[in-house]
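Report on the structure
So you can see what is in the structure, the chains are spelled out below.
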Amino acid sequence: MKKLLVLVFFGGLVAVLAVAVPVHGQGGPPPPPPAPGAPPPPCPPVGCPTATPTATPTATPTATPIPVFVTVKLAHSSVKVGAKQKISVTTIAGARVHFSITWPNKTHKTHSATANANGTLSWSFRQPAGKTTTASSSAKVVVKATSNGSSAQASKKWKIS
């Protein structure tokens, strides 16, 4: 601020006044702070400052594994010795599938494969001779599907004729 002396004439009288004038680049004194509870002062002609928005964190999606399941379907409920039996499986795509057949005489036959992109798989074989007993003529297949550390199993029986 600089002081400026001003001469004022009033009907023959001369008065000297000292006036404070702001220098270029300097503003006047800062406004007093608002009283507690008072509304904020009005914005200057160039606008009020606004808060800069900040990004809010979003949850990162995680893949939820599809639960493993398995269904088994037999082509025939009764199979003659030397005839073909087909075991069809439905599970999740890419599951590792293990077939285990137990014949009536307690012998076993196994097979493993991977389900295709549709989750289907089938295995065919010929019914071997000499697997029945006088007490039983039913064979049983247990199918186990495994994927991502979890598994499921299902079974079916058929009669050997």
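The structure this text deals with has already been given above.
The present account deals with the structure reproduced in this document. (Residues numbered from 1 in each chain as written. Predicted model: local features only at pLDDT ≥ 70, side-chain atom pairs only at ≥ 80, totals over all residues. Heavy atoms only, no water.)

A short note on the sheet that holds strand E8 (residues 120-126)
Selection criterion: When DSSP locates at least two bridges between a pair of strands, those strands are taken to pair. Comment: elements are numbered from the N terminus, with helices defined as DSSP H or I runs of at least four residues and strands as E runs of at least two. Axis angles are defined between N-to-C directions and span 0 to 180 degrees, where every axis is a line fitted to C-alpha atoms and, for a helix, only to the segment in contact.
Taken in spatial order, the 3 strands of this open sheet run E3-E5-E8, and their pairing is antiparallel. Every interior strand has two partners, whereas the edge strands, strand E3 (71-74) and E8, have only one. Taken pair by pair, the neighbouring strands of this sheet meet at an average axis angle of 20°, ignoring direction.

Focus on the sheet that holds strand E7 (residues 108-114)
The sheet built from 5 strands is open, its strands ordered E4-E10-E9-E6-E7 with mixed pairing. With one partner strand each, in any of the chains shown, strand E4 (78-79) and E7 form the two edges of the open sheet.

Remarks on the side chain of glutamine 85
Where we set the bar: Pairing of N or O atoms within 3.5 Å defines a polar contact, subject to two protein rules: one partner must be a possible hydrogen donor and the other a possible acceptor, and residues neighboring in sequence count only if both atoms are side-chain atoms. Only heavy atoms matter for contacts: two residues are in contact if any of them lie within 4.5 Å across the pair.
Looking at the secondary structure, you find glutamine 85 in strand E5 (residues 84-90). Engagement of the side chain of glutamine 85 in a polar contact is seen with the backbone oxygen of histidine 76, the distance being 2.9 Å. Among residues more than four places away in sequence, those in contact with glutamine 85 are Leu74, Ala75, His76, Val79, Trp123, Ser124, Phe125 and Trp158.

Here we look at the pairing of strand E9 (residues 138-147)
The two faces of the sheet receive side chains in turn, since in a regular strand these alternate between them. Our working rule: Buried, partly exposed and exposed residues are distinguished by accessible area as a fraction of the type maximum, computed with a 1.4 Å probe on protein chains only: under 20%, between the cut-offs, and over 50%, respectively.
Alternating residues of E9 divide into Ala139, Val141, Val143, Ala145 and Ser147, all buried, and Ser138, Lys140, Val142, Lys144 and Thr146, none buried. Judged from the 7 bridges that link them, strand E6 (residues 96-102) and E9 form a sheet pairing that is antiparallel. Bridge pairing in E9 links serine 100 to valine 142. Between E9 and the antiparallel strand that follows it, strand E10 (residues 150-160), lie 2 residues; asparagine 148 among them carries a positive phi value of about 50°.

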